[in-house]
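Residue-level structure breakdown
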Amino acid sequence: MERLSDILRRGTLVMINFSQRNLGSNDAPLIRSAILTNPQLAVLKLGYNNLGNVGANLIAEAIHVGGGLIMRRSGSVGGGNGGDSQSQQLPLQQQQQQYRHHPSLSVLDLGFNNVGDEGCTSLANLAVARNPSLATLYLSGNAVREAGALALADVIAAGCGLTSLHLTANRICAKGVKGLMRSIAEFDVTMQMAQQDRENRMALEEEKKKRVMKSNNGNHTARGRGGEGGEEQDAILDSLELGDGDGDDGPDDFARLSGFKCIKELHLGGTNMESTGCLSVSNMLLTNLSLRVLCLSDNGLNDQDLSLFSQSISRNRQLPLETLRLSFNKLTCVGVETLMNAIWGSKTLREIKLDNNQIRDRGAQLAAVVLTSVELEVLDMGFNRLTIVGIKALMKSLAENCSLLTLTLSGNVLDTNASKAVSYALAYNKTIQKLYVDHCSLSYAAQRHIAAGIVSNSKLALRVMSGFPLGAISVTLGLPGAMENWTNEQVLKFIRVMWDRTRHEREDASSGEITSTIGAPEASVNTTSVNSTEKEEPKSGPSDPATVVAAAKGAFEALGDAGGALLLTEEPQRAISDTSPMVSSDAVMLEKTPSGTVRVPSLNEYPHEHFHTSNHETAPLDTSVSHASHASVDSLCTANGKSCPETPVDPEAKKRNMEWLRLHYRSLNEIIQLPYVYADLLQLYRYFYSSGEVDDEDSVHDGMPPPGPGFNLGTAPSPTPQKMSGLQRKISYRGLDIIAGGKSSMTIPSSNFSHASESSSKRRPMSEDESMQPPANKRARSGKPRIDYFPRLKALVESCLSSSKQTKALILLRQLKFVETTMFQGSNPYCDQSLQVEPNEPTALDAEIILIDMI
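Residues numbered from 1 in each chain as written. Predicted model: local features only at pLDDT ≥ 70, side-chain atom pairs only at ≥ 80, totals over all residues. Heavy atoms only, no water.

**Observations concerning the overall build of the protein chain**
Counting its regular elements, the protein chain contains 30 helices and 19 strands. When the 855 residues of the protein chain are sorted by exposure, 49% land in the buried category. Residue pairs at least 24 apart in sequence account for 82% of intrachain contacts in the protein chain once pairs closer than 6 positions are excluded. Summing over all exposed atoms, the protein chain offers an accessible surface of approximately 40100 Å²; the carbon and sulfur share of this is 50%. (Helix = DSSP H or I, 4+ residues; strand = E, 2+ residues; numbered from the N terminus. Buried < 20%, exposed > 50% of the residue type's maximum accessible area, 1.4 Å probe, protein only. Contact = heavy atoms within 4.5 Å. Areas by Shrake-Rupley, 256 points an atom, 1.4 Å probe, with all protein chains shown as cover.)

If you want it as structure tokens, here you go:
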């Protein structure tokens, strides 16, 4: 507990996630202290605890007074003579910043904490009121009633920074919803009028400037006439009566409301609003120009309520609604028809959830028609008693749809005929990524039909599917038997890799030369291959069974032993809806280091300079780990709950590393933004887990664009064999190109890559005497895998692979390959431990320290 308190008092935390920690009101003072002592804290997650009203009161107080304490420390409030009178003379923008609130906290999650009206009122008056920083307030699953909702309504009407309000599963009832809707509508109209007033003022100012310029141009003429023209022009300008926006005449409303925002996300599911509350929501939508996400699930709404709601949407075509959730209500096809007519042709709507209603086949047919005019990305039709008629209509539209990413059909019976329609759609669709068919009473034949449609789609984008074990069914279709025990996500990833590999082979065959395209940028792909691909673009639709089986067999053999680990899923099978608004993270806390990077703080670690951390506890390291001459002290650094070795560096090495990082920091950050490519991960995995021999001629391309002018990321020389006299090394290939018979299907031409070192880029024939001993200018080879020279990075990579975070693993390997290329240009980091390292020569330890610090 003392170590935790030390971390909280550092003042460097930017995120705290204490969700599901069994916290009570007795722990609230510690959280209050953390808020007061960390001015950079942006996200505070405390969901699923029992802080109650007492905890909510303390947190609200800390948010309110925290800003005042921080500003007094910096001397911006209370300094100098005059006090409040002096602050009244400051410009409006500076006065706006003197609101006493925490300056950085933007997300507060107090969901499922038994917070009642008292705690909600305290949060509203102290933490939300006139606070431009707090943007997201998550209070779902508490005991807030009408009084708490009305307290929030009052502060919203007066102005605040809230853009996302979560009140799901709070019984605020119709009166509470009505008060909130009235305040949201009033403030939204106020902002619209203030913005329009500002635009009018700017237009008048522009007109004033034009008249002044015109007056100056005719000034000499007017003086020649006795000054009558000038006096007339001055009279015209005075008649405009324009203020400057922040003078004695008073600021305009837009400047007065600067920093305040309108609600964009409103979650009111399970609030017991019923018809009266829904009517108030409909009235609010008539004039709203800000709302993007609206959740009205589980409120007992019927067709009449939805009809009034739809009329408001149809009348307000400027409403930027993107997400609409109407699950668990009493809607039928009658109400759905009015809704579909209202959203027809919408340019903004992307998600509709209508699950657990009674819309039946007619509602499904209406939704299928709307898919042709609205670019929906998420459609949930689960548990609506659909039959073959509605399923066929949806699947026919899905086969030609290019926008839908997630489709839920769970809870609707899919017989053999319906499963054939699903199979047809999945064989043709190129964009859908998630399909849920749980509790659909799928027979064995129905499962085979759906699986056949999936495996036969050569342009499959599907990543998540639930409802039945896809691997076991795929084996019955002739795919490799090892897939029987794979998860659905592993099977889907294998299918995508399978067709990607087949596509590359066809491109190589049509181009007339063998070219590696795994992970390569689009600009580096052979032009002839691209043109040939365009001419021979495979038609959409299912592939024949023989082609599917052959492609699966070839891909499975190419994956080899690494296939099982590298086919782990990257994301959870089910996306949790309506949960905490924060991005999920395994980290309990995140802090910002002096260098500006964000990382997980260690319980044993205290902030120091950029690449150095000192601990109170030490432990011996594995003697097999290579150490440079300047790194001899061993320690343990705890990150993400796991221990990994860390070795400090001397000042000279740190200075050299800092200079290198200054030059290449932008490139390392750009690597993080690159898209995930499975083939890159496979090839880099094989490269770094092979032995680190200096003569190794493996070529690896990591799919990254050159970080600077004249630089190409590829490092290995061309493996193209040349005729030599005497003895010579055989060229080795590690990657997807290792296929049956030892034939390489992917060879990287030397013209596309720069060489790692001069000694490896130029070779001459060797005589028999020379071949009996290693060259004098090369270090002895080491049989260790390359990754073993980076023990901490190895632990992180393997941790990411075992926990299905392959994107993070790929980023680490890409960055390591980049560092290897640029830092060790003429040297070999994979050298024998017994050899001495040159004083100014970088080592593997330098690269590891740089990347660990960036993490």
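Following the structure, the description resumes.
**A short note on helix α7 (residues 146-158)**
Counted at 1.5 Å a residue, the expected span for α7 with its 13 residues is 18 Å, and the 19 Å between its end C-alpha atoms agrees. Among the residues of α7, those classed as buried are Gly148, Ala149, Ala151, Leu152, Ala153, Val155 and Ile156. Where α7 is buried, its residues meet α6 (117-128), β4 (136-138), β5 (164-166) and α8 (173-217). Just past α7, the residue Gly159 takes up positive phi, approximately 115°. (Expected span 1.5 Å × (residues − 1).)

**Here we look at the pairing of strand β1 (residues 13-17)**
Successive residues of a regular strand alternate their side chains across the two faces of the sheet. With five of its five residues buried, β1 lies for the most part within the structure. Both β1 and strand β14 (residues 589-592) contribute to a ladder of three bridges, which runs antiparallel. Across the sheet, Ile16 pairs through a bridge with Met589, a residue of β14. Direction of pairing for β1 relative to strand β2 (residues 43-45): parallel, over a ladder of three bridges. Bridged to Ile16 within β2 is Leu44. (Pairing = 2+ DSSP bridges.)

**Structural notes on the pairing of β14**
Side chains Met589 and Glu591 project from β14 onto a buried face, and the interleaved Leu590 and Lys592 project onto a face without burial. In this structure, β14 lies alongside strand β15 (residues 598-599), joined through two bridges in antiparallel fashion. For Glu591, the partnering residue across the bridge sits in β15 and is Arg599.

**Some remarks on the packing of helix α13 (residues 303-315) against helix α14 (residues 333-343)**
At a minimum axis separation of 8 Å, α13 and α14 run at an interaxial angle of 5°. Comparing the axis directions of α13 and α14 gives the class roughly parallel. Contact with α13, carried on its side by Asp303, Leu306, Ser307, Ser310, Ile313 and Ser314, involves Val334, Gly335, Val336, Thr338, Leu339 and Ala342 of α14 and no other residues of that element. Across the contact of α13 with α14, the residue classes break down as six nonpolar, five polar and one charged. (Axes fitted to C-alpha atoms, helices over the stretch in contact; angles between N-to-C directions. Parallel < 35°, antiparallel > 145°, perpendicular 65-115°, else oblique. Nonpolar A, V, L, I, M, F, W, Y, C, P; charged D, E, K, R; others polar.)

**Notes on the packing of aromatic side chains**
Scanning the model with the defined rule gives six aromatic pairs in all. Pairing Tyr48 with Phe112 gives two aromatic rings, centres 4.6 Å apart and planes at 10°, and the pair type is stacked. Of this pair, Tyr48 sits in the loop between β2 and α3 (52-74) while Phe112 sits in the loop between β3 (107-109) and α6, placing them 64 residues apart in sequence. In this structure Tyr48 comes out as partly exposed when scored by relative accessible area, which is 44%. We classify Phe112 as partly exposed; its relative accessible area is 32%. When the centroid spacing of 4.5 Å and the interplanar angle of 20° are considered together, the rings of Tyr685 and Tyr689 count as stacked. When its relative accessible area of 22% is taken as the criterion, Tyr689 is described as partly exposed. Linked through ring pairs, Trp486, Phe494 and Phe556 together constitute an aromatic cluster. Seen from the ring of Tyr687, Arg786 lies directly overhead, with NZ or CZ sitting 4.1 Å from the centre. (Phe/Tyr/Trp six-rings, centres within 6.5 Å; stacked < 30°, edge-to-face > 60°. Lys NZ or Arg CZ within 6 Å of the ring centre and 35° of its normal.)

**Some words on the packing of α7 against α8**
α8 packs onto α7 with a crossing angle of 5° between their chain directions and a minimal axis gap of 8 Å. It follows from the interaxial angle that α7 and α8 lie roughly parallel. Across from Glu146, Ala149, Leu150, Leu152, Ala153, Asp154, Ile156 and Ala157 in α7, the residues of α8 making contact are Lys175, Gly176, Gly179, Leu180, Ser183, Ile184 and Phe187. Residue classes in the contact of α7 with α8 are distributed as nine nonpolar, three polar and three charged.

**So, the confidence of the model for the protein chain**
When pLDDT is averaged along the protein chain, the result is 74; 65% of the residues meet or exceed 70. The model gives residues 71-97 a pLDDT under 50, and that stretch makes 23 contacts with residues more than four places away or in other chains. Overall, residues 571-579 carries pLDDT values under 50, and its contacts beyond four positions in sequence, including any with other chains, amount to 23 contacts. (pLDDT = per-residue confidence, 0-100.)

**A word on the environment of Thr502**
Topologically, Thr502 is positioned in helix α20 (residues 488-511). For Thr502, a relative accessible area of 11% gives the class buried. With 48 residues separating them in the primary sequence, Thr502 and Ala550 have C-alpha atoms 9.6 Å apart.

**Structural notes on the pattern of salt bridges**
On inspection of all chains with the given rule, the structure shows ten salt bridges. In this structure, the salt-bridge partner of Glu207 is Arg211, at a minimum N-O distance of 3.3 Å. Taken as a pair, Glu207 and Arg211 lie in helix α8 at a separation of four residues, close to a single helical turn. Look at Arg211 and you get partly exposed, because its relative accessible area is 30%. In this structure, Arg362 and Glu337 form a salt bridge, with 3.9 Å as the shortest nitrogen-oxygen distance. Residue Arg362 is found in helix α15 (residues 360-370), and its partner Glu337 is found in helix α14; the two are separated by 25 residues along the sequence. (Salt bridge = Lys/Arg side-chain N within 4 Å of Asp/Glu carboxyl O.)

**Structural notes on the side chain of Ser327**
Mapping Ser327 onto the fold places it in the loop between β8 (323-325) and α14. With a relative accessible area of 6%, Ser327 lands in the buried category. Engagement of the side chain of Ser327 in a polar contact is seen with the side chain of Asp355, the distance being 2.5 Å. Not counting the four nearest positions on each side in its chain, Ser327 is found in contact with Ser297, Asp298, Lys353, Asp355 and Asn357. (Polar contact = N/O pair within 3.5 Å; in protein donor to acceptor, adjacent residues only side chain to side chain.)

**Side note on the environment of Ile432**
Within the secondary structure, Ile432 is located in the loop between α17 (416-428) and β12 (434-436). Relative accessible area serves as the criterion here: at 3%, Ile432 is assigned to the buried category. Each C-alpha atom, one on Ile432 and one on Cys402, is 8.1 Å from the other, the two residues being 30 residues apart in sequence. With near-sequence residues (within four places) excluded, Ile432 lies in contact with Leu398, Leu404, Leu405, Thr406, Leu407, Leu426, Ala461 and Leu462.

**Remarks on unusual backbone geometry**
For residues other than glycine, phi is negative in most cases, and the peptide bonds are mostly trans. Located in the positive-phi region is Arg130, a residue other than glycine, with phi close to 55°. Here Arg130 lies in the loop between α6 and β4. Taking the relative accessible area as the measure of exposure, Arg130 reaches 31% and is therefore partly exposed. Residues other than glycine seldom take positive phi values, yet His439 does so here, at roughly 55°. Inspection of the secondary structure assignment puts His439 in the loop between β12 and α18 (444-455).

**Quick word on α14**
Those residues of α14 lying buried are Gly335, Val336, Leu339, Met340, Ala342 and Ile343. The buried side chains of α14 occupy one side of the element, clustering within an arc of 160° when seen end-on. Across α14 from its buried face, at more than 90 degrees, point the exposed residues Val334 and Asn341. For α14, the secondary structure elements touched by its buried residues are α13, β8, β9 (351-353) and α15. Positive phi shows up at Gly345, right after α14, with a value of about 80°. (Arc of directions from axis to C-beta.)

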